[in-house]
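Spelled out, the chains give:
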Amino acid sequence: MPHNELPDGAILGDDGLVRTAWAGPPGMMRDYYDTEWGIPVVGEAAHFERLVLEGFQSGLSWAIILRKRPAFREVFADFDVDTVAAMTPDDVERLMGDERIVRNRKKIEATITNAAAAIALREDGGLEEFLWSFRPADTPRPVTIADVPTTSAESLALSKALRKKGFRFVGPTTMFALMEAIGIVDTHLLSSHRRGASGVWQ
């Protein structure tokens, strides 16, 4: 066992702080874990961005998506829902030629479809309110890495509800990752220095 790996599967960093294994070494992933992951965001565009990027991450590593996030933000107009919904087949072809993003046609087309679905949700309070309506009554309290779930009854329900509203690439595992990313659930290990950082859960 590496000297900095703890019995619960967490990592004791060189700065003396405990983190999950994927955020152990210094660098981009640690910075994301320390400053963004599990923290609620505000507004339609911010929630749409997280939903879209989690969909693009499916089948890939989050590190790939994080490195490409500036380009994603550029090509999708900072995830302005109205702008994305108005994108055309010509825009899809242009994005398929952009090496800075993940060039997956189905995911690019789904982003445009999802933008239109998000606009329709405004009649029911909007995307942000819709996502947070699936917040569970309690949150996981993982002691070890093995205790961290990858799905939940709520993420399954959210997935089904979003699909019914016309969204794509919103499977229950992807939606659980979204719920983790924006603090709807807190899956930080109890030993992590980030536990409770969302301000939603303790």
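Scroll up to find the structure.
All of these numbers come straight from a predicted model, not from anything done at the bench. (Residues numbered from 1 in each chain as written. Predicted model: local features only at pLDDT ≥ 70, side-chain atom pairs only at ≥ 80, totals over all residues. Heavy atoms only, no water.)

Caption draft 1: Molecular detail of the overall build of the protein chain. Tallying secondary structure elements over the protein chain gives nine helices and two strands in all. Reading the protein chain from its N terminus to its C terminus gives the helix and strand order β-β-α-α-α-α-α-α-α-α-α. By the compact-globule yardstick of 17 Å for 202 residues, the protein chain fits well, its C-alpha radius of gyration being 17 Å. Projected onto its principal axes, the C-alpha positions of the protein chain cover 55 × 40 × 25 Å. (Helix = DSSP H or I, 4+ residues; strand = E, 2+ residues; numbered from the N terminus. Rg over C-alpha atoms; globule rule 2.2 N^0.38 Å.)

Caption draft 2: Fine view of the pattern of salt bridges. A full pass over the atoms with the stated rule returns 16 salt bridges. Put simply, glutamate 44 and arginine 122 hold a salt bridge, and the shortest N to O gap is 2.9 Å. Taken together, the residues glutamate 44 in helix 2 (residues 44-57) and arginine 122 in the loop between helix 6 (105-121) and helix 7 (127-132) connect sequence positions 78 residues apart. For arginine 122, a relative accessible area of 37% puts it in the partly exposed group. Three or more residues joined by partner-sharing salt bridges are found here, namely Asp14, Asp15, Arg19, Arg30 and Asp34. (Salt bridge = Lys/Arg side-chain N within 4 Å of Asp/Glu carboxyl O. Buried < 20%, exposed > 50% of the residue type's maximum accessible area, 1.4 Å probe, protein only.)

Caption draft 3: Highlighting the packing of helix 1 (residues 28-35) against helix 3 (residues 62-75). In contact at an axis separation of 10 Å, helix 1 and helix 3 are set at 85 degrees when each is read in the N-to-C sense. Considering the angle they form, helix 1 stands roughly perpendicular to helix 3. Seen from helix 1, the contacting residues are Met28, Met29 and Tyr32; seen from helix 3, they are Trp62, Ala63, Leu66, Arg67 and Arg69. (Axes fitted to C-alpha atoms, helices over the stretch in contact; angles between N-to-C directions. Parallel < 35°, antiparallel > 145°, perpendicular 65-115°, else oblique. Contact = heavy atoms within 4.5 Å.)

Caption draft 4: A look at the nonpolar core. Membership of the largest hydrophobic core comes to 51 residues, with the highest contact counts inside it found for Leu51, Phe72, Phe76, Leu162 and Phe167. At seven residues, the largest contribution of residues to this core is made by helix 3. (Core = buried A, V, L, I, M, F, W, Y, C linked by side-chain atoms within 4.5 Å.)

Caption draft 5: Just the environment of serine 191, in detail. As for its placement among the helices and strands, serine 191 is situated in the segment after helix 9 (172-181). For serine 191 and threonine 144, which are 47 residues apart along the polypeptide, the C-alpha to C-alpha distance reads 8.8 Å. When sequence neighbours within four positions are dropped, the list of residues in contact with serine 191 reads Asp8, Ala10 and Val18. Looking at serine 191, its side chain comes within polar contact range of the side chain of aspartate 8, at 2.8 Å. (Polar contact = N/O pair within 3.5 Å; in protein donor to acceptor, adjacent residues only side chain to side chain.)

Caption draft 6: Highlighting the packing of helix 8 (residues 153-164) against helix 9. As a packed pair, helix 8 and helix 9 sit with axes 8 Å apart at the nearest point and diverge in direction by 110 degrees. Looking at the two axes, helix 8 sits roughly perpendicular to helix 9. For the element pair helix 8 and helix 9, the recorded crossing hand is right-handed. Mapping the contact onto sequence places Glu154, Ser155, Leu156, Leu158, Ser159, Leu162 and Arg163 in helix 8 and Pro172, Met175, Phe176 and Met179 in helix 9. Split into classes, the residues belonging to the contact of helix 8 with helix 9 amount to seven nonpolar, two polar and two charged. (Left-handed = near helix turned anticlockwise from the far one by under 90°. Nonpolar A, V, L, I, M, F, W, Y, C, P; charged D, E, K, R; others polar.)

Caption draft 7: Representation of the packing of aromatic side chains within the structure. A complete count under the given rule lists eleven aromatic pairs for this structure. With a centroid separation of 6.2 Å and 70 degrees between ring planes, the pair formed by phenylalanine 48 and phenylalanine 79 is classed as edge-to-face. Taken together, the residues span a long stretch of sequence, with phenylalanine 48 in helix 2 and phenylalanine 79 in the loop between helix 3 and helix 4 (81-85) at a distance of 31 residues. For phenylalanine 48, a relative accessible area of 0% corresponds to the buried category. The structure contains a cluster of three or more aromatic residues connected by ring pairs, namely Trp22, Tyr32, Tyr33, Trp37 and Trp62. One cation-aromatic arrangement involves arginine 135 over tryptophan 201; the distance from NZ or CZ to the ring centre is 4.3 Å. (Phe/Tyr/Trp six-rings, centres within 6.5 Å; stacked < 30°, edge-to-face > 60°. Lys NZ or Arg CZ within 6 Å of the ring centre and 35° of its normal.)

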